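# Descriptive structure summary
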Amino acid sequence: MSDSALRVRGLRKQYPKVLAVGGVDLEVPRGEVFGLLGPNGAGKTTTLEMIEGITEKDAGEIEILGLTWERSAREIRASIGVQLQATSLYNKITPREALTLYGSYYPRSRPAEELLDLVQLTEKADAFHITLSGGQQQRLALAMALVNDPELVFLDEPTTGLDPQARRSLWEVVRGMKREGRTIILTTHYMDEAEALCDRLAIMDHGRVLTTGTPAALIQELAVPSVVELTFDGAAPDPGGFAGLIGTGVEARGELWEIPTRDPKSALGGILEAAERGAVPFTQVHIRRATLEDVFLHRTGRSLRD
Ligand SMILES: Nc1ncnc2c1ncn2[C@@H]1O[C@H](COP(=O)(O)OP(=O)(O)O)[C@@H](O)[C@H]1O
Ligand SMILES: [Mg+2]
């Protein structure tokens, strides 16, 4: 048996106007929650759909649980779970009916009650799909991905569009899947989600993997593990020559200036002094640890949030 849940080499997809995936390598051990993190258009969905056998690849090798689509499509299909877009369900189907129907497509399926319990939808088992909240619909989509008791589960942006509470309850479901011993491969453009859920990540941009590692290792690799933030009342002014005064970079974003620094304790004095001399009208100062957002910014010069 292969130790890897997934092994991908040189995966590539060219659309007429865009190279969606330009040579991606991935290796995911069994039992891991692995994330593809990147902004819209990075190529996450295309990568996932080629792996899932939904989109045809132009080039590259894919090995799923030690099997290839070319030789073992049936076996792969039986061992993977793919989250469907919940919105594609008929309005008047109930969660119980959807899970029973979907389960009937597989030779072996988990009982609807068990799945409803797992995603905390027991109380909504017999409610029309259209009456479920966004979070409940997403949880149903996750339950449907588990109907064949898959070893490997693919989730594409599982929490996009959900409110913070619904996102957190979905994270709990994903953690539950991991505790059951499954491998989970998910995509997200939320760095907090990637940090909270993923054992390891690949950060993607423009169809390529920029870097792979644990969230902590990716942050530690940054030469500047801390950020001093000056907060303004309203939009932050252009930093102009301020960077020259303190000898490090300054980024204005929203109501903040962000000043990455290796050693915030010794940098802080100089920053505050320069701000005073330049009559910089900041209202608060914070020091925070670098995040995956900073890793992305450092690698691409752009923000994940843009
Ligand atoms: N079916 C398609 N035809 C043409 N271009 C596509 C198609 N699907 C995706 N793309 C393009 O490929 C790039 C990657 O898209 P996608 O994989 O959906 O990124 P992500 O999921 O990271 O947002 C984008 O530029 C997108 O516009
Ligand atoms: Mg996508």
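In this text, all values refer to a predicted model and were calculated from it rather than measured experimentally.

### Observations concerning the domain arrangement of the chain
Once the domains are mapped, the chain shows domain 1 (4-219) and domain 2 (223-289). Averaged C-alpha coordinates put domain 1 and domain 2 at centres separated by 39 Å.

### Re the sheet that holds strand S5 (residues 80-82)
Overall, mixed pairing links the six strands, which are arranged S5-S6-S7-S3-S8-S9 in an open sheet. Edge strands, defined here as strands with exactly one partner in the open sheet, are S5 and strand S9 (208-213). Strand-to-strand twist across the sheet, computed as the mean angle between neighbouring axes with direction ignored, equals 15 degrees. With five bridges joining them, strand S3 (residues 33-37) and strand S7 (residues 183-188) adopt parallel strand pairing. Each residue of the ladder has a partner; that of Val33, found in S7, is Ile184. Packed onto the sheet, helix H6 (residues 164-179) meets S3, strand S6 (152-156) and S7 and runs at close to 155 degrees relative to S7. Lying on the sheet, helix H11 (residues 292-300) is in contact with S3, strand S8 (200-205) and S9; it crosses S8 at an angle near 40 degrees.

### So, H11
Taken together, the buried positions of H11 are Leu292, Glu293, Asp294, Val295, Phe296 and Leu297. Capping the start of H11, Thr291 holds a side-chain oxygen 3.1 Å from the backbone nitrogen of Glu293, two or three residues further along. Once H11 ends, the next one or two residues include Gly301, with phi positive near 75 degrees.

### A word on the packing of helix H5 (residues 134-145) against H6
It is the contact of H5 with H6, at a shortest axis distance of 10 Å, that shows an interaxial angle of 15 degrees. With respect to H6, the element H5 is oriented roughly parallel. In this structure, H5 meets H6 at a crossing whose hand is right-handed. Touching Gly135, Gln138, Arg139 and Leu142 of H5 are Ala166, Ser169, Leu170, Val173, Val174 and Met177, all from H6. Residues belonging to the contact of H5 with H6 are distributed by class as follows: six nonpolar, three polar and one charged.

### Things to note about the side chain of Lys44
Positionally, Lys44 belongs in helix H1 (residues 44-51). Within polar-contact distance, the side chain of Lys44 engages the backbone oxygen of Gly38 at 2.9 Å. Polar contacts involving the side chain of Lys44 include one to the main-chain carbonyl oxygen of Pro39, which spans 3.0 Å. Setting aside residues no more than four positions away along its own chain, Lys44 makes contact with Leu36, Leu37, Gly38, Pro39, Glu157, Thr187, Thr188 and Met204.

### Comments concerning the site of ligand 1
Lining the immediate surroundings of ligand 1 are Tyr15, Val18, Ala20, Pro39, Asn40, Gly41, Ala42, Gly43, Lys44, Thr45 and Thr46. Contacts to ligand 1 include Ala42, whose backbone N or O atom sits 3.1 Å from an oxygen atom. Backbone polar atom of Gly43 to an oxygen atom of ligand 1: 3.0 Å apart, as the coordinates give it. Taken by itself ligand 1 offers 560 Å² of open surface, and the protein chains cover 60% of this. Of the residues forming the shell around ligand 1, the biggest block, three residues, is contributed by H1. A per-class count over the shell around ligand 1 returns five nonpolar, five polar and one charged.

### Description of the packing of aromatic side chains
Counting across every chain of the model gives four aromatic pairs. Note on Tyr102 and Tyr106: the rings are 6.1 Å apart at their centroids and 75 degrees apart in plane angle, and the pair reads as edge-to-face. Judged by its relative accessible area of 21%, Tyr106 falls in the partly exposed class. Looking at Arg167, its charged tip hangs above the ring of Tyr190, at a distance of 4.0 Å from the centre.

### Structural notes on H5
If you check H5, its first and last C-alpha atoms are 17 Å apart, about what 12 residues at 1.5 Å a residue would give, namely 16 Å. In terms of burial, H5 is largely enclosed, as 11 of its 12 residues are buried. Where H5 is concerned, the buried positions are Gly135, Gln136, Gln137, Gln138, Arg139, Leu140, Ala141, Leu142, Ala143, Met144 and Ala145. Packed against the buried residues of H5 are S5, helix H3 (95-103), helix H4 (112-118), S6 and H6.

Each value, and the rule that gives it
Residues numbered from 1 in each chain as written. Chains lettered and ligands numbered in written order. Predicted model: local features only at pLDDT ≥ 70, side-chain atom pairs only at ≥ 80, totals over all residues. Heavy atoms only, no water. Domains from an automatic or database assignment. Pairing = 2+ DSSP bridges. Helix = DSSP H or I, 4+ residues; strand = E, 2+ residues; numbered from the N terminus. Axes fitted to C-alpha atoms, helices over the stretch in contact; angles between N-to-C directions. Contact = heavy atoms within 4.5 Å. Buried < 20%, exposed > 50% of the residue type's maximum accessible area, 1.4 Å probe, protein only. Polar contact = N/O pair within 3.5 Å; in protein donor to acceptor, adjacent residues only side chain to side chain. Parallel < 35°, antiparallel > 145°, perpendicular 65-115°, else oblique. Left-handed = near helix turned anticlockwise from the far one by under 90°. Nonpolar A, V, L, I, M, F, W, Y, C, P; charged D, E, K, R; others polar. Near = heavy atom within 4 Å. Areas by Shrake-Rupley, 256 points an atom, 1.4 Å probe, with all protein chains shown as cover. Phe/Tyr/Trp six-rings, centres within 6.5 Å; stacked < 30°, edge-to-face > 60°. Lys NZ or Arg CZ within 6 Å of the ring centre and 35° of its normal. Expected span 1.5 Å × (residues − 1).

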